[in-house]
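So the chains spell out like this:
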Amino acid sequence: MSVITGKQYIERVDKLRTEVWIDGKPVVGKISEHPAFKGVMKSQATLYDIQHDAALKEIMTYPSPSTSEPVGMSYLQPKTKEDLVKRREMIQHWARTNNGLMGRSPDYMNTTIMAFASSSELLKGKKNCFPDHLQSFYEYAREHDLSMTHTFIDPQVNRARFYFENKNEPIAAKIVDRNIEGIIVKGAKLLATQGGITDEILVLSGGEMTDEEGGFAFSIPSNSKGLKFICRESFVGGDSTFSYPLSSRFEEMDSMVVFDNVLVPWERVFYYDNSAVANSFQTMSSFQAFVLHQVISRQIVKTEFVLGMVESIIDTINIKEYQHVIEKVSEIIVALETMKALVIKSEVEAKVDKWGFMRPDSTSLLVAINIFPRTYPRFTEIIQLLSASGLMTVPTELAFQSSIRKDLDQYLQSKGNNAEERVKLFRLAWDLTMSPFGTRQTLYERFFFGDPIRLSSQLYQSYNKEPYVERVKEILE
Ligand SMILES: Cc1cc2nc3c(=O)[nH]c(=O)nc-3n(C[C@H](O)[C@H](O)[C@H](O)COP(=O)(O)OP(=O)(O)OC[C@H]3O[C@@H](n4cnc5c(N)ncnc54)[C@H](O)[C@@H]3O)c2cc1C
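Residues numbered from 1 in each chain as written. Predicted model: local features only at pLDDT ≥ 70, side-chain atom pairs only at ≥ 80, totals over all residues. Heavy atoms only, no water.

With that settled, the discussion passes to the layout of surface pockets. For the second largest pocket, the calculated volume is near 220 Å³. For the second largest pocket, the lining is made up of 13 residues, of which Lys-38, Gly-39, Lys-42, Ser-248 and Arg-249 are closest to its centre. Within the residue set of the lining of the second largest pocket, elements represented by two or more residues are α2 (38–50) and α7 (247–250). Top contributing element to the lining of the second largest pocket by residue count: α2, with five residues. Lining the lining of the second largest pocket are residues from two domains, each supplying at least three of them: domain 1 (6–144) and domain 2 (148–281). (1 Å grid on protein atoms, 1.4 Å probe; cavity = no way out; pocket = protein on both sides within 12 Å on 5 of 7 lines; lining within 4 Å. Points joined across faces, edges and corners; volume = space filled by probe spheres on them. Helix = DSSP H or I, 4+ residues; strand = E, 2+ residues; numbered from the N terminus. Domains from an automatic or database assignment.)

Let's shift gears to the sheet that holds strand β12 (residues 269–271). Where strands meet in a sheet, backbone hydrogen bonds hold them as pairs that are either parallel or antiparallel. If you trace the four strands from one edge of the open sheet to the other, you get β5-β8-β9-β12, paired in mixed fashion. Strands with a single pairing partner mark the edges of an open sheet, and in this sheet they are β5 (148–151) and β12. Taking the axes of each pair of neighbouring strands and ignoring which way they run, one obtains an average angle of 20° across the sheet. (Pairing = 2+ DSSP bridges. Axes fitted to C-alpha atoms, helices over the stretch in contact; angles between N-to-C directions.)

Attention now goes to the side chain of Asp-431. The residue Asp-431 is located in helix α14 (residues 419–433) in this model. The side chain of Asp-431 is buried and forms no salt bridge, while Arg-427, the nearest opposite charge, is found at 7.0 Å. Within the local environment of Asp-431, its side chain forms a polar contact with the backbone nitrogen of Ser-247, the two atoms lying 3.0 Å apart. Not counting residues within four places of it along the chain, the set of residues in contact with Asp-431 comprises Tyr-244, Pro-245, Leu-246, Ser-247, Phe-437 and Gly-438. (Buried < 20%, exposed > 50% of the residue type's maximum accessible area, 1.4 Å probe, protein only. Lys, Arg positive; Asp, Glu negative; His and termini not counted. Salt bridge = Lys/Arg side-chain N within 4 Å of Asp/Glu carboxyl O. Polar contact = N/O pair within 3.5 Å; in protein donor to acceptor, adjacent residues only side chain to side chain. Contact = heavy atoms within 4.5 Å.)

Taken together, the side chains of Val-472, Ile-475 and Leu-476 make up a nonpolar region of the molecular surface, amounting to roughly 370 Å² of accessible area. By the secondary structure assignment, Ile-475 is in helix α17 (residues 466–476). (Patch = residues over 30% accessible without salt bridge, like charges linked within 9 Å, V, L, I, M, F, W, Y side chains within 5 Å. Areas by Shrake-Rupley, 256 points an atom, 1.4 Å probe, with all protein chains shown as cover.)

What follows is the structure in structure tokens.
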């Protein structure tokens, strides 16, 4: 096979009849027609269709190493710095279609599985580890253009440093049996964004694992027997792209994942009953470098969108003459250029790893992922500070179609726009920063790559500070 179309993606996921629950009811019929999922599935389908645009073939695809058919560029295992640039251009091309608002566009998971496979040698010869399963799953995913989600954090029950779950009925997903067919998993994982609308789910144990049964990694089809996705309420405001410009298209949904004695066939188990590997694989593999390269590339596109939004608001209500307004826009420009510089630095300072893959510089990317969870909430604050009541004078499309239209046209006009254009812009700003969709976006970016506090510790621990301490010592001596 080769790259799929949007139609194929939708048909494949509809056919799975995955067990998805929302508002206490199971989704019945085609999930792509359910109000909570139809918008985002359509947006995802658009991404797959772009891969078939002849003009974009070079950007979006590369010839499969096994069949020479075009496969998605985000599966490319980079061997040169040029490959890294190609990957970034592809990622940003997709991201521009949703302005970086879809954190789980397929390139995120394609990159994850590519990164794991590129480090599969790390598993070689280790107890209960199957590097060949990982490698063949990567190739299968690449050749079938699988859509995937992932889940790795345990339910938020007790985060004390010395908490050990001791329950007969597991809460955090764990292996409860092993048999000739595979491992049996029972319990839950905290969250899977896009859970239920992908072909597969990659399941990993988080770090800091102490019990052997907690250490595992595998991927299974979303419709595996006993697997359930329990969604939060939908943040889709409605179908109107005037009234709900973002949630109607990009609401990815988050769901808790429940494993009710799910059988994971051996060929899909990458490792099991090995807490040492589980605790180290993500940090020792090229996961962080490759996946952060994708994440930061997307976040750059999102920052460009925020900048465009803020400048449009300023023009609309004509507030450019105020110094503090300019200062706030400059803050966004500084963040944008910093992120761009860091991603390019990561490519310039990339090095071939011991398995022959070109790994972007992790420190540059770790710095970027320490910056963005702090700057993104500030962007939403800046939009609120500059928009003020503009975020409240936002009647819906229906209001513009009613008999009060004349009043709206008269009283909601602005220096730069007529009333309808002005309200559309402010509804966009509202959906980005104030609606349930918008506030989730802020939380998402805060925790996108894990807890920001622990990410800053990781930066501190991994950064070589010694040469600078030496310089201080020298001058003292
Ligand atoms: C919108 C959204 C989408 C998500 N999508 C996915 C997904 O698709 N797949 C997936 O696997 N996960 C997903 N996540 C989960 C995400 O990875 C976690 O939110 C993140 O890793 C933080 O973990 P937590 O939520 O359990 O927070 P906790 O770890 O419970 O942290 C809560 C607070 O306690 C503090 N704290 C807890 N433990 C420690 C510690 N050891 N040291 C210092 N401070 C500590 C934290 O700093 C924080 O302030 C998503 C989260 C959000 C918000």
